[in-house]
Amino acid sequence: MHEADHSDPAGPVITLRGQIGGEVIDANRHMNVSGFDRLFDQAETAMFLRFGIGDDYILSRQRSLFRLEKFVRYERELLVGQAYEVRSWIIGTDGRRIHHFHELWDCDNDRRSAFYDCLAIHVNLERRKSAVIEDTTILKALRGFAQHLQEYGLPAGPLPRGIAESTA
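Since this is a predicted model, take the numbers as computed values, not measurements.

### Some details on the overall build of the protein
Per the secondary structure count, the protein includes three helices and seven strands. Listed N to C, the secondary structure of the protein is β-β-α-α-β-β-β-β-β-α in terms of helices and strands. Taking 168 residues into account, the globule formula puts the C-alpha radius of gyration at 15 Å, and the protein, at 16 Å, falls close to it. Relative to its 168 residues, the protein shows a buried fraction of 47%. Across the protein, contacts joining residues at least 24 apart in sequence account for 68% of those joining residues at least 6 apart. Carbon and sulfur atoms make up 49% of the accessible area of the protein, which totals about 8,500 Å². When the 21 basic and 25 acidic side-chain charges of the protein are each reduced to a single mean position, those positions are 6 Å apart.

This is the structure:
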């Protein structure tokens, strides 16, 4: 089961919580790579939905986010039945690109198991080209969250992306 939680306002948003199911366990008796990818993809979707970028936004505005790049680091294995949560961050945005970061935590042992560092681009689906986020409410919320997290303190791992951190 995966559930979202809008968590402590003093830090990242908890986008998923649940327990590792047997369907993602491989012959090594730990969660396989596709299981990590699935959880991170669900966390990414949940985080952007929090800012109003979901199916309704895509269909009504013909705008979306495409992932340009992702980097995953697997630090510790997860076993069937272990409790987990995904903590999600907006590192920065220039209005067109969004640098976001997600940590998968092993709640049973209170340690990070993996992280997922991504760069997304906002796209005009009619033109199939990148486009600045025109909705000022969404853009302000993304920038505000990024600024808040910069002040909170970022986790170890995000790659430098050359995106102005929330002020561009």
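### Points about the pattern of salt bridges
Following the criterion strictly, the structure yields 14 salt bridges and no others. One salt bridge in this structure joins Arg61 and Asp135, with 2.8 Å as the shortest N-O distance. With Arg61 in helix α2 (residues 55–61) and Asp135 in the loop between β7 (129–130) and α3 (136–152), the pair connects residues that are 74 residues apart, well separated along the chain. By relative accessible area, Arg61 is classed as partly exposed at 39%.

### Remarks on the environment of Lys140
Checked against the element boundaries, Lys140 lands in helix α3. The exposure class of Lys140 is exposed, given its relative accessible area of 66%. When the C-alpha positions of Lys140 and Gly95 are compared, they lie 9.4 Å apart, and in sequence the two are 45 residues distant.

### Re the nonpolar core
Ranked by size, the top nonpolar core spans 20 residues in total, and within it Phe48, Ile53, Ile90, Ile98, Ile133 and Leu142 carry the most contacts. Those elements that place two or more of their residues in this core are α1 (33–50), β4 (83–93), β5 (97–106) and α3. It is α3 that provides the largest number of residues to this core, a total of six residues. Setting aside anything within four residues of it in sequence, one finds Ile90 in contact with Met47, Phe48, Phe51, Ile98, His99, His100, Leu142, Phe145, Ala146 and Leu149. Formed by 16 residues, the second largest nonpolar core is a distinct cluster that contains Val24, Phe36, Leu39 and Val72.

### Notes on unusual backbone geometry
Negative phi characterises most residues that are not glycine, and trans characterises most peptide bonds. One non-glycine residue with positive phi stands out, namely Gln62, at about 55°. Looking at where Gln62 falls in the secondary structure, it is placed in the loop between α2 and β3 (63–74).

### Notes on α3
Taking 1.5 Å of rise per residue, 17 residues should cover 24 Å, and α3 covers 24 Å from first to last C-alpha, within 8% of that figure. When we look at burial in α3, the residues that qualify are Ile138, Leu139, Leu142, Phe145, Ala146 and Leu149. Relative to the axis of α3, the buried residues are bounded by an arc of 135° and lie together on one face. Away from the buried face of α3 by more than 90 degrees, exposed residues Thr136, Thr137, Lys140 and Glu151 are located. In this structure, the buried side of α3 is in contact with β2 (13–19), α1, α2, β4 and β5. Measuring from the side-chain oxygen of the N-cap residue of α3 to the backbone nitrogen of Thr137 gives 2.9 Å; that N-cap residue is Asp135.

### Things to note about the packing of aromatic side chains
Throughout the structure, instances matching the rule amount to six aromatic pairs. Residues Phe51 and Phe145 carry aromatic rings whose centres are separated by 5.6 Å and whose planes lie at 55° to one another, so their mutual orientation is tilted. Taken together, the positions of Phe51 in the loop between α1 and α2 and Phe145 in helix α3 put the pair 94 residues apart, joining distant regions of the chain. On the basis of relative accessible area, Phe51 is assigned to the buried category, the value being 10%. Its relative accessible area of 10% is what places Phe145 among the buried residues. A cation over a ring is seen here: Arg50 above Phe145, with NZ or CZ 5.7 Å from the ring centre. Just above the ring of Trp105 sits the side chain of Arg87; from NZ or CZ to the centre is 4.0 Å.

Cut-off values and rules
- Along each chain, residues carry numbers from 1 onward, in the same order as the chain's sequence is written.
- At least 70 in pLDDT is required for a residue's local features to be given in this predicted model, at least 80 for side-chain atom pairs to be given and counted, and no such filter applies to totals for whole chains, interfaces and linings, which use all residues.
- Side-chain calculation: all heavy atoms of the structure are included, whereas hydrogens and water are not.
- By definition, any uninterrupted DSSP run of H or I lasting at least four residues is a helix, any uninterrupted run of E lasting at least two residues is a strand, and each is numbered from the N terminus.
- Only C-alpha atoms enter the radius of gyration; for comparison, a globular chain is expected to reach 2.2 Å times N to the power 0.38, where N is the number of residues.
- Exposed residues in this analysis have more than 50% of their type's maximum accessible area, buried residues have under 20%, and partly exposed residues fall in between, with area computed by a 1.4 Å probe over protein chains only.
- In what follows, a contact means two residues having at least one pair of non-hydrogen atoms within 4.5 Å.
- For every accessible area listed, the method is Shrake-Rupley and the probe measures 1.4 Å; residues are considered covered only by the protein chains on display.
- Residues scored as positive are Lys and Arg, those scored as negative are Asp and Glu, and His as well as the terminal groups of each chain are ignored.
- Where a charge lies is defined by one atom per residue type, namely NZ (Lys), CZ (Arg), CG (Asp) and CD (Glu).
- The term salt bridge refers to a pairing of a side-chain nitrogen on Lys or Arg with a carboxyl oxygen on Asp or Glu at a separation within 4 Å.
- Buried Ala, Val, Leu, Ile, Met, Phe, Trp, Tyr and Cys residues form a nonpolar core when they are joined through side-chain atoms within 4.5 Å.
- Take the residue count of a helix, subtract one, and multiply by 1.5 Å to get its expected span.
- The directions from the helix axis to the C-beta atoms are what the arc is built from.
- The definition of a polar contact used here is a pair of N or O atoms within 3.5 Å, where within protein one atom must be able to donate a hydrogen and the other to accept one, and adjacent residues in sequence count solely through side-chain atom pairs.
- Each Phe, Tyr or Trp ring, with Trp reduced to its six-membered ring, pairs with another whose centre is within 6.5 Å; inter-plane angles below 30 degrees give stacked pairs, above 60 give edge-to-face pairs, and intermediate values give tilted ones.
- Geometrically, a charge over a ring is one whose NZ (Lys) or CZ (Arg) sits within 6 Å of the ring centre while staying within 35 degrees of the ring normal.

Just geometry here; none of it tells us what the structure is for.
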